[in-house]
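If you want the building blocks of each chain, they are given just below.
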Amino acid sequence: MSDDPFHEAVEALRALGLYVEPTGDDLSLWLVEGEEMSAGGMLKLAMLLGLAVGSATIQ
């Protein structure tokens, strides 16, 4: 694991067996199980699933 929470979230979601890949060279958009989401949205998903440490308040 890395010290970067974003990369940790990617690896944690993949460890659950989810398909997580960038949509291209720009790492701001990702495909998670076929759904396009922003990098922030993917990090929020990982936090909601308890896979990443984040703020207690997710907007």
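Let us look at the structure shown here. (Residues numbered from 1 in each chain as written. Predicted model: local features only at pLDDT ≥ 70, side-chain atom pairs only at ≥ 80, totals over all residues. Heavy atoms only, no water.)

As for the pattern of salt bridges
Piece 1. Across all of its chains, the model carries two salt bridges by this definition.
Piece 2. Its salt-bridge partner being Glu11, residue Arg14 comes within 3.3 Å of it at the nearest N-O pair. A residue pair is termed a helical-turn pair when its members lie 3 or 4 positions apart in one helix, as Arg14 and Glu11 do in helix α1 (residues 5–15) at three residues.
Piece 3. Given a relative accessible area of 40%, Glu11 falls into the partly exposed group. (Salt bridge = Lys/Arg side-chain N within 4 Å of Asp/Glu carboxyl O. Helix = DSSP H or I, 4+ residues; strand = E, 2+ residues; numbered from the N terminus. Buried < 20%, exposed > 50% of the residue type's maximum accessible area, 1.4 Å probe, protein only.)

A word on the packing of aromatic side chains
Piece 1. Under the definition given, this model contains one aromatic pair.
Piece 2. Where Phe6 meets Trp30, the ring centres are 5.4 Å apart and the plane angle is 65 degrees; that geometry is what we call edge-to-face. Of the two residues, Phe6 is situated in helix α1 and Trp30 in strand β2 (residues 29–32); the sequence distance between them amounts to 24 residues.
Piece 3. The exposure class assigned to Phe6 is buried, which follows from its relative accessible area of 15%.
Piece 4. On the basis of relative accessible area, Trp30 is assigned to the buried category, the value being 4%. (Phe/Tyr/Trp six-rings, centres within 6.5 Å; stacked < 30°, edge-to-face > 60°.)

Here we look at α1
Piece 1. Taken residue by residue, α1 has Phe6, Ala9, Val10, Ala12 and Leu13 as its buried positions. The arc that holds the buried residues of α1, viewed along the axis, is 165 degrees, so those residues lie on one side.
Piece 2. Where the residues of α1 are buried, they touch β1 (20–22), β2 and α2 (39–48).
Piece 3. Of the residues trailing α1, Gly17 is marked for its positive phi of about 95 degrees. (Arc of directions from axis to C-beta. Contact = heavy atoms within 4.5 Å.)

Treat this as a map of the structure, not an account of what it does.
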